[in-house]
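Chain by chain, the residues run as shown.
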Amino acid sequence: DPLDFDPLAEALDAAKRDPAVRAGVAQVLASLGGEAATRLVRELVDDPDESLRTLAVQLLPKVDADGAAEALLHRLEIDESPGVRKEACIALGNLGARDAIEPLLSLLDREEDSGLRSNALWALRQITGQRFPDDLDLWRTWWEMHRPK
């Protein structure tokens, strides 16, 4: 029946499935701020689409600065995508998230991807204000002396 066809409903349904449209909506909402932006970006952090997770990791500190570090640390630990994990390092460094120091040191200890190691090192430098080279022993020694007791 032609009267049962709702083009707007169809378009909205298609938009929910289209990563490019979802990314655009997330960017617009993030620029506006508010609860809807936070909710959408938090959903996208766990999206199966790598490009949407990457975008969400970039946007999360803008829409939820107080709650972003925990979600970013979770992504850093579990995400299989080096790109998402690299962006998580950058976001954590920009936030100055001291809770990220230990996970970033662990990443330096086990990670072989040079780009990911480089981003983790950058984040450590941003968070701590130290400029040590890519030397895990040096970083760990410094952290043992400066970690909260």
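Everything below is about the structure shown above.
Below is a summary of the structure that appears in this document. (Residues numbered from 1 in each chain as written. Predicted model: local features only at pLDDT ≥ 70, side-chain atom pairs only at ≥ 80, totals over all residues. Heavy atoms only, no water.)

### Overview of the packing of aromatic side chains
Centre distance and the angle of the planes are the two values used to describe a pair of aromatic rings. Per the counting criterion, the structure on display carries three aromatic pairs. Summarising the aromatic geometry, the rings of Trp139 and Trp142 are spaced 6.5 Å apart at their centres and angled 80° between planes, so their arrangement reads as edge-to-face. Of this pair, Trp139 and Trp142 both sit in helix α9 (residues 136–146), three residues apart, which is roughly one turn of that helix. We note that Trp139, like Trp142, is buried. Pairing Trp142 with Trp143 gives two aromatic rings, centres 6.1 Å apart and planes at 25°, and the pair type is stacked. Trp143 shares its class with Trp142; the two are buried. Three or more aromatic residues joined by ring pairs make a cluster, and in this case those are Phe132, Trp139, Trp142 and Trp143. (Phe/Tyr/Trp six-rings, centres within 6.5 Å; stacked < 30°, edge-to-face > 60°. Helix = DSSP H or I, 4+ residues; strand = E, 2+ residues; numbered from the N terminus. Buried < 20%, exposed > 50% of the residue type's maximum accessible area, 1.4 Å probe, protein only.)

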